[in-house]
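# Structure assessment
Spelled out, the chains give:
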Amino acid sequence: MNDIGEPREPPPEPIAVVKGEPLSVAPDDLFIPPDALEVFLEAFEGPLDLLLYLIKRQNIDILDIPVASITHQYVRYIEMMNVLRMELAAEYLVMAAMLTEIKSRFLLPRPVDTEEEDDPHAELVRRLQEYECFKKASEALDVMPRSERDIFEVNVGTETIKVERKEPDVDLKEVVIAFREVLRRAEQVSHHHIQREPLSVRERMANILDRLQSVAQLPFSDLFNRKEGRQGAVVSLLAILELCKDGLIEITQSEPLTALHVRPLTS
Amino acid sequence: MDIKEIIEATLFAADRPLSITQLQNIFGDMERPERPELVSALTAIANDYQERPIQLQEVASGYRFQIREELSPWVSKLFEERPPKFSRALLETLAIIAYQQPLTRGDIEQIRGVSVSTNIIRTLLDREWVRVVGHKEVPGRPAVYATTRQFLDYFNLKSLDELPPLPSISEVEDVAELMQAPMDAAGPGEQNDEIPS
Amino acid sequence: MDIKEIIEATLFAADRPLSITQLQNIFGDMERPERPELVSALTAIANDYQERPIQLQEVASGYRFQIREELSPWVSKLFEERPPKFSRALLETLAIIAYQQPLTRGDIEQIRGVSVSTNIIRTLLDREWVRVVGHKEVPGRPAVYATTRQFLDYFNLKSLDELPPLPSISEVEDVAELMQAPMDAAGPGEQNDEIPS
């Protein structure tokens, strides 16, 4: 709801009086077909717009158009909307009340010092002028050249352009932090056992599996590299045992005392 | 490859206006032209297209090639969809934001004398013509709206300065005169209540 | 307005190639040019752009302006997106594979406590940081994953041994604190993934 000004009294009684009467008894000059009225209402952007229309319509002779007349016409429109039970924005009613108050002020003798209280009439004039400024500005905006209607951008084929896709960068620290987070969570959630073989064993496990991808089996001894020394041999042995335990490979021997072979567990 | 050619090609390839900085970033660190060099290349390009049906235009967010307006009657035939028509309510709201920004929805409603529908505000935000630039420190902390660069681009403007000047109050003075008139005349029912067509 | 100008403007405005018939339809019934007239206008336009970084190209469905291919290295910068950041889920998956390899997706899920999306696995495989080193002999024969040499190269490691050692679970808290200081100073990881534009 829009606050249209200072608090006002509720709409005065004329509305209530007309409301009571059936539509057929409305004075002839007030009769407007209901659908026309709807169109009429849609044509306005609110009470200021309607008021502006009523004023502008009669600018033939300025002196002949007093506030009383405008107010009267405005209130009659509003009454009609009510008679027709048309949905009317509350702002229209507030404006009717304001106009009626202004009218009544004019009827009363003017106080000596008008400066003291705020003058609703002057305020209304100011608001009408302000509204008209922006109404004109919006009309000007509507005729300005604009995209989609007057301005068309140039489109040129870009099929000839080759674009390389860039991959995201990752810092090793981020990987470590991520794993740390995993460990912490694993500990919180359950007592899931994360095995802690040295990484060299884990790496060797992966390598052995990889080598077994291309061949059906490998001699057990091929999995040991003399150059790696004792430590390397331990790593390999642990890796093989770990893989066996995980059910990823099996160690075979065709006959007792013959060479051992390692092969992936495949059915 | 010379700078002018690269810039020209880039402007053609872009589907949005490009700022000087964006144009500079097309170049590698070693070959990046300075601003003045770029500006003079842009001027030269604009000159080259003087006689053609397209033109290089500067708008708020940068430079773009566009079809000369005289040709839009033909060019618009390409597009089956009719250009959107904007309601008076939307245009009034947009105009008020453009001229009075930054302001709240309440401020807009005060000027228009009616409430502003949420739909209108949403359309303006969706179109990216208007954005929320802050919140007013009053109860409810209402959003404060302002127009965007996209708004200027859409209306083919470089800055808000290029908007037509807001009609001054003196131009709409007759309202005051009309309302000022004395009380005497005009009883009820004298005028015909015509319906505007 | 002459035919050549209208055609040139239309070709520029169109976001697709236009056939001769489509170009003819731009014109009203009374002013519609004949085919030969149109073809010669197209030839003249193509000539005008001989020296420019764009060219009029005939493709299967008609005519359109295109960027000359030589300018691709520069213009392509326009379309290069800033590389996205990897999600936390992806980094965790990668870390688990690195420290716990060889293992199956099920193993990873068990450790993470949540499922691992196929997308993440595919991304790691595409990036060649992870490969399938075998299949586990259980129902469904799930793939067994391990890191690659490219993974080591990318992180500048000679072997997995060089990955920072990880504490046993009971030590996690202490070490986490120890690592906090230098990690946070370095920046990545914990803070927002958003890149200011």
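Before going into details, it helps to say that this report is about the structure given with it. (Residues numbered from 1 in each chain as written. Chains lettered and ligands numbered in written order. Predicted model: local features only at pLDDT ≥ 70, side-chain atom pairs only at ≥ 80, totals over all residues. Heavy atoms only, no water.)

This paragraph deals with the overall build of chain B. Along chain B, the regular secondary structure elements total nine helices and five strands. Mapped in sequence order, the helices and strands of chain B form the string α-α-α-β-β-α-α-β-α-α-β-β-α-α. Taking all 197 residues of chain B together, the buried fraction comes to 47%. A separation threshold of at least 6 residues defines the contact pool for chain B, and within that pool the share at least 24 residues apart is 48%. When the accessible surface of chain B is summed, it comes to about 9,900 Å², and 47% of that surface belongs to carbon and sulfur atoms. (Helix = DSSP H or I, 4+ residues; strand = E, 2+ residues; numbered from the N terminus. Buried < 20%, exposed > 50% of the residue type's maximum accessible area, 1.4 Å probe, protein only. Contact = heavy atoms within 4.5 Å. Areas by Shrake-Rupley, 256 points an atom, 1.4 Å probe, with all protein chains shown as cover.)

Let us now look at the overall build of chain A. In terms of helices and strands, chain A carries nine helices and three strands. By element, 54% of the accessible surface of chain A is carried by carbon and sulfur atoms, the whole surface being about 14,300 Å².

Another aspect to go through is unusual backbone geometry. Most peptide bonds take the trans form, and the phi angle of most residues other than glycine is negative. Each neighbour pair has its own omega, and for glutamine 101 of chain B with proline 102 of chain B the value is -5°, a cis peptide bond. If you trace the backbone, proline 102 of chain B turns up in the loop between helix H5 (88-100) and strand S3 (103-104). The phi dihedral of asparagine 156 of chain C is positive, around 60°, even though this residue is not glycine. One can find asparagine 156 of chain C in the loop between helix H8 (149-154) and helix H9 (172-186).

Under the counting rule described, the total for this entry stands at 35 salt bridges over all chains. With its nearest N and O atoms 3.1 Å apart, the salt bridge here joins glutamate 159 of chain A to arginine 64 of chain C. Here glutamate 159 of chain A is found in the loop between helix H6 (120-143) and helix H7 (172-189), whereas its partner arginine 64 of chain C is found in strand S2 (residues 62-67) on a different chain. When its relative accessible area of 52% is taken as the criterion, glutamate 159 of chain A is described as exposed. The buried category is assigned to arginine 64 of chain C, whose relative accessible area is 8%. (Salt bridge = Lys/Arg side-chain N within 4 Å of Asp/Glu carboxyl O.)

Take the nonpolar core next. Core analysis: the biggest nonpolar cluster contains 58 residues, and Ile7, Phe12 and Ile67 of chain B together with Ile7, Phe12 and Ile67 of chain C have the highest contact counts within it. If we skip the residues at most four places from it in the chain, isoleucine 7 of chain B touches Leu23, Phe27, Leu38, Ala41, Leu42 and Ile45 of chain B. Judged by nonpolar contacts, the second largest core, of 35 residues, contains Val182 of chain A together with Leu94, Ile120 and Phe151 of chain C. (Core = buried A, V, L, I, M, F, W, Y, C linked by side-chain atoms within 4.5 Å.)

For the rest of this paragraph, the subject is the packing of H6 of chain A against H5 of chain B. Interaxial distance between H6 of chain A and H5 of chain B falls to 8 Å at its minimum, and their mutual angle equals 105°. Here H6 of chain A is positioned roughly perpendicular relative to H5 of chain B, judged by the angle of their axes. Facing Tyr131, Phe134, Lys135, Ala137, Ser138, Leu141 and Asp142 of chain A of H6 of chain A, the residues of H5 of chain B in contact are Arg88, Leu91, Glu92, Leu94, Ala95, Ile96, Tyr99 and Gln100 of chain B. In terms of residue class, the contact of H6 of chain A with H5 of chain B is made up of nine nonpolar, two polar and four charged. (Axes fitted to C-alpha atoms, helices over the stretch in contact; angles between N-to-C directions. Parallel < 35°, antiparallel > 145°, perpendicular 65-115°, else oblique. Nonpolar A, V, L, I, M, F, W, Y, C, P; charged D, E, K, R; others polar.)

Attention now moves to the sheet that holds strand S2 (residues 249-253) of chain A. Strand pairing in a sheet is mediated by backbone hydrogen bonds. Such pairs are either parallel or antiparallel. Residues and elements named next belong to chain A. The strand order S1-S3-S2 describes an open sheet built from three strands, whose pairing is antiparallel. Two strands bound the open sheet, and with one partner strand each, they are strand S1 (218-219) and S2. Packed onto the sheet, helix H8 (residues 199-214) meets S1, S2 and strand S3 (260-264) and runs at close to 85° relative to S3. (Pairing = 2+ DSSP bridges.)

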